[in-house]
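One letter stands for each residue in the lines below.
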Amino acid sequence: MKASNGEALKSTGTNPNTNIVNSFYSSSVRAIRTSIGWRAIPVFIATLVLIPVGTVVSSLFAPAGDVWQHLVETTLAELLVNTFWLAVGVSLGTALLGVSLAWFTAVCDFPGRGFFSWALLLPLAIPAYVFAFVALGLFDYVGPVQTGLRTWLQSDLVWFPNVRSRLGVIVVMVLAFYPYVYLLARNAFLTQGKRSLEAAQSLGFGSIQGFFKLSLPMARPWIAGGVMLALMETLADFGTVAVFNYDTFTTAIYKAWFGMFSLAAASQLASVLIVIVFVVILVEQRTRSGMRYAETRQSARIDRIRLSGWRAWSIAALASVTLFLAFVLPVSQLGIWAASVFARDFDQRYLEFLWHSLLLSAVAAVLTCGFALLMVYSVRRHPDRLTGAAVRISTIGYALPGAVLAVGIFIPVAWLDNQLSEMARRLFDFHSGLILQGTLVTMLIAYLTRFLAVSYNPIDSAMHRITPSIDEAARGLGLTGWAALRRVHLPILKGGIFTAASLVFVDVMKEMPITLMTRPFGWDTLAVRIFEMTSEGEWEQAALPAVTLVFAGLLPIIFFMRQAEK
Amino acid sequence: MNTLLELRYIRHAYGQQTVVEDLSFTLEKGAIGCLLGPSGCGKTTVLRSIIGFEPISAGEILLNGVVISNASFCLPPEQRHVGMVFQDYALFPHLTVRGNVGFGLHRVGKVERAARITDMLDTVGLTHDAEKYPHQLSGGQQQRVALARALAPRPDLLLLDEPFSNLDVTLRARLSLEVRHILKSQNATAILVTHDQEEAFAIADQIGVMHQGQIQQWDTAYNLYHKPANRFVADFIGEGVFVPGKMLDPDHVEIELGILQGEVAHHCCPACRQCRSGGSVDVLIRPDDIVHDDGSPIRAAVMHKAFRGADILYTLRLPGGSTALSLVPSHHNHPIGEKIGIRLEADHVVAFSRQV
């Protein structure tokens, strides 16, 4: 529209009739061309997601190799059982802990409520695998807790639970992932306000009955959403289970690839995992559709149920214990370890790990935000079915476990590499060797597919604030094109872009399996260093990189809390 | 007629700030009462005290002759059998209309429950929307669901907190009549809280005008308008201006436009001689007390006019300089500045001793 007007105005000077017609054609051709350009972006990214998925899923039907046969006979059953119990345990645990803490901090009043309501989010800053190795270092047989107790009680501590167990992994993951449920459920309870409880009371329900009959069912989509997030993190997790030697699909993929050197078997394992993940995604999307009906109008005045006496104090105790175990204890232990090895470990190599991590994170953040912006604009320009479907596919990458993505992207890249070097050899008689493999390209593509959704959502919701009437108002005031983009869109989108970039930045920094499996040889990051040290039980040596990650993870959380307080 | 609800000298305070003080009224079974007042006057607090969301710090509240609230006791809301329609309706978004209406019917059998839901949906005219979710309904329909939900368990008393404030003006007028009809057909006793007097007049049998945490007057709409108990009520209800006047004797007041005769509803202490004869008073003149009459010798200049369809509300300057309002059929269209003939036509007098 805009282009054709401009062209028409310019051309009226010379030869009105023909030129208008010409410019009309040329501009409409251009419009079609740009519309194809805009549509191509989401389709391109969707393809980028579909390639690894397709690669992995197709290996589901590939002929079973020897390694696969061996795996089926020996470990597959165990992997399935392990994954199943882990999923069940973490879902139940996060739901129970997350919902109860959310309810108490949102609706009740108890000593320290204001502090706990934000502090309980802090564990989000600690990667689950960091948590895992701290827990092992502290509570394992040779750890300070058991050693201390043994000397103090003069006993063998046969009753002390084995930390390296299924229950141990579940407890660690629940403490690491409950904030997802907490955050969403709390939001739901806050928006419900006390009003709905009052409505239930006016219809003859007591407040406990009201909670179970009303508040809980009303918050169900959010609670389910939070549990689904925790569950996907659990399925995608590599570092935690690796530390605990608790075999799941992600560690099995790694072992098949780098231990048995069978990319095919790794891909077949990945295909089983992806089927499980897809089931979870299906459930998740259904619960999400349930969130639509619920209005999110914050009730004007939140007045809370005032608790006192033992009730108030036991809730405060629950919150304190959670916060202590999930944040204070691991951070203090990390601090102690890091301090003890600082003089030795803070060296050239550490700085190199740090530099690699920062570089990767920054590039990935810019890349994902750039693509997310392009996608958001193409949705705005062409909100049709094709674009919608492409966007939905593109943002599903966040659900794909990093180990799966690593395999699914490495295989086609290796294939492409072979084709390219074959071509180079034939055409130019030139032995190129590997072109793409072992470069950062593979890694960045994997990051892009995995974290696009993370950057897409904040930018998309910022874009929703730019209503069509804002565009029209800008145009009415004489701003079009770049000027409108710079003076109207950019200032409104700025916050969303910043949020997106910082989230991706931290996520990439913490990311372990993709980095581990697709990095150029010897190109280590903080996360890789943690993996290598913890797999040898060197907790202290993993502490300094871990502290760095925790600090990085704290920054966006503190930022968002300050944002929320405003 | 027997008394259903009685409030005796209740007091409510949020911390240091007293919101309601010494407030009393009674409501008969089957009557519709209304608390009317500007925002912040404490009317919603009274409502929340009656249902038990707010404890009171003095006085007592009796329902069916039983104390349900006093300074040391507050029966939980769910045991009071008092229903409420919330300002924002507070419909349950995860339940259908049927689910919402049936929500409070948890103590009755399945068959009876279904019958009651059908009955209520029929009463509020939402039979065909039973399976819809609240977000699929218009504002007026949501309002009716809220009403049906609150009425379904047959509460002893129904409270309505600004029930029409989220609706547009035309819908408000229609729905308020409809709600009165529904309440009467269900034989419900109800208290409405609003700041809109037309709404109060349309629904309520008895209205309490509230100001600064106290009921200024508890009366019928007619009496509030024509026999206001004090200056606040006179000012708040309807339109009108005060003009200076002088008491001639207990039945006659002289103002600029002539002598008003009739029962003088002046409000001062009964023993005050000065008010009864010779005292200076302010006389409330309503727009309908002054009639346009071309033949009248009294001429007043048009200062301002507001067209209202059937009538025009003229603001007039009287010869002596004071201001008065007059409601005139709208075909008497006079330009601003013109002097028009007016005549006093009031059959009762409202006067307050002169404010110094």
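Residues numbered from 1 in each chain as written. Chains lettered and ligands numbered in written order. Predicted model: local features only at pLDDT ≥ 70, side-chain atom pairs only at ≥ 80, totals over all residues.

A. A look at the overall build of chain A. The helix and strand tally for chain A stands at 23 helices and 2 strands. Counting all 566 residues of chain A, 43% fall into the buried class. Sequence separation of at least 24 residues holds for 82% of the intrachain contacts in chain A that already meet a minimum separation of 6. (Helix = DSSP H or I, 4+ residues; strand = E, 2+ residues; numbered from the N terminus. Buried ≥ 20, exposed ≤ 12 C-beta atoms within 10 Å, placed from the backbone. Contact = placed C-beta atoms within 7 Å.)

B. Spotlight on the overall build of chain B. Scanning chain B for helices and strands turns up 9 helices and 21 strands. For the C-alpha atoms alone, the extent of chain B along its principal axes is close to 75 × 50 × 40 Å. Relative to its full complement of 356 residues, chain B shows a buried share of 41%. Contacts in chain B between residues far apart in sequence, at least 24 positions, make up 66% of those at least 6 positions apart.

C. Expanded view of the interface of chain A and chain B. Between chain A and chain B, the contact holds 16 residues from the first and 21 residues from the second. Contributions of two or more residues to the side of chain A that touches chain B are made by α9 (195–202) and α10 (207–236) of chain A. Top contributing element to the side of chain A that touches chain B by residue count: α9 of chain A, with 6 residues. A per-class count over the side of chain A that touches chain B returns 8 nonpolar, 5 polar and 3 charged. (Nonpolar A, V, L, I, M, F, W, Y, C, P; charged D, E, K, R; others polar.)

D. Summary view of unusual backbone geometry. Here N245 of chain A, not a glycine, exhibits a phi torsion of approximately 55°, which is positive. Assignment of secondary structure puts N245 of chain A in the loop between α11 (239–244) and α12 (249–258).

E. Quick peek at the sheet that holds strand β12 (residues 241–249) of chain B. Residues and elements named next belong to chain B. The 5 strands are arranged β14-β13-β12-β15-β21 in an open sheet whose pairing can be described as antiparallel. Edge positions in the open sheet fall to β14 (258–261) and β21 (350–353), since each of these has one partner strand only. Across the sheet, the axes of successive neighbouring strands diverge by a mean angle of 40°, strand direction being ignored. (Pairing = 2+ DSSP bridges. Axes fitted to C-alpha atoms, helices over the stretch in contact; angles between N-to-C directions.)

F. The arrangement of the nonpolar core in detail. Counting 258 residues, the largest nonpolar core has V181, A185, I253 and V407 of chain A together with V283 of chain B as the members making the most contacts within it. Discounting residues that sit within four places of it in the chain, V181 of chain A has contacts with T94, A95, G98, V99, I223, G226, V227 and A230 of chain A. (Core = buried A, V, L, I, M, F, W, Y, C linked by C-beta atoms within 7 Å.)

G. Local environment of the confidence of the model for chain B. All names here are of chain B. Across chain B, pLDDT averages 87, with 95% of residues at or above 70. Model confidence for chain B, summarised as mean pLDDT per element, is weakest for helix α9 (residues 273–276) at 57 and strongest for strand β3 (residues 32–36) at 95. Predicted as a complex, the structure gets a pTM of 0.77 and an ipTM equal to 0.72. (pLDDT = per-residue confidence, 0-100.)

H. Summary view of the confidence of the model for chain A. Residues and elements named next belong to chain A. For chain A, mean pLDDT is 83; residues scoring 70 or higher make up 90% of the total. Within chain A, the element-level pLDDT minimum falls on helix α1 (residues 2–11), averaging 38, and the maximum on helix α4 (residues 76–107), averaging 93. Ignoring residues within four places in sequence, the model shows residues 1–27, a span with pLDDT below 50, making 16 contacts including any to other chains.

I. Molecular detail of the pairing of β12 of chain B. All names here are of chain B. Where β12 and strand β15 (residues 280–285) come together, 6 bridges link them in antiparallel fashion. When the bridges of β15 are listed, K246 appears paired with S280. Two elements, β12 and strand β13 (residues 252–255), share 4 bridges in a ladder whose sense is antiparallel. Bridged to M247 within β13 is V253. Remark: 2 residues form the turn of the hairpin made by β12 and β13, two consecutive strands paired antiparallel.

J. Region of the structure containing the pairing of strand β11 (residues 214–219) of chain B. Residues and elements named next belong to chain B. Where strand β10 (residues 206–211) and β11 come together, 5 bridges link them in antiparallel fashion. Bridge pairing in β11 places H211 opposite Q214. Taking the residues between adjacent antiparallel strands as the criterion, β10 and β11 are bridged by 2 residues, where Q212 takes a positive phi near 50°.

K. Just the environment of M228 of chain A, in detail. All names here are of chain A. Checked against the element boundaries, M228 lands in helix α10. For the pair M228 and L167, spaced 61 residues apart in the sequence, the C-alpha separation amounts to 20 Å. Discounting residues that sit within four places of it in the chain, M228 has contacts with V280, V283, E284 and T287.

L. Local environment of the sheet that holds β11 of chain B. Residues and elements named next belong to chain B. The sheet built from 6 strands is open, its strands ordered β7-β8-β9-β3-β10-β11 with mixed pairing. Because the sheet does not close on itself, it has two edges, and the strands there are β7 (82–85) and β11. Sheet twist, expressed as the average angle between the axes of neighbouring strands with direction ignored, equals 20°. Pairing geometry for strand β8 (residues 157–161) and strand β9 (residues 190–194), over 4 bridges, is parallel. Counted as the bridge partner of D161 is V193 from β9. Along the sheet, helix α4 (residues 139–151) contacts β7 and β8; its crossing angle with β7, the most-contacted strand, is approximately 175°.

M. Broad picture of the environment of T322 of chain A. All names here are of chain A. You can see T322 is positioned in helix α14 (residues 309–345). Note: C-alpha distance between T322 and L101 (221 residues apart in sequence) is 9.3 Å. Setting aside its immediate chain neighbours within four residues, T322 contacts L97, L101 and L120.

N. Focus on the packing of α4 of chain A against α10 of chain A. Residues and elements named next belong to chain A. As a packed pair, α4 and α10 sit with axes 9 Å apart at the nearest point and diverge in direction by 140°. It follows from the interaxial angle that α4 and α10 lie oblique. Considering the relative orientation of α4 and α10, their crossing is right-handed. Residues L86, A87, V90, S91, T94, A95, G98 and V99 of α4 lie in contact with α10, whose contacting residues are I223, G226, V227, A230, L231, T234 and L235. In terms of residue class, the contact of α4 with α10 is made up of 10 nonpolar, 5 polar and no charged. (Parallel < 35°, antiparallel > 145°, perpendicular 65-115°, else oblique. Left-handed = near helix turned anticlockwise from the far one by under 90°.)

O. Quick peek at the environment of V101 of chain B. Residues and elements named next belong to chain B. Inspection of the secondary structure puts V101 in helix α2 (residues 97–102). Judged by C-beta crowding, with 29 C-beta atoms within 10 Å, V101 ranks as buried. For the pair V101 and T118, spaced 17 residues apart in sequence, the C-alpha separation works out to 9.4 Å. With residues near it in sequence (within four places) discarded, V101 still touches I117, M120, L121, V145, A148, R149 and A152.

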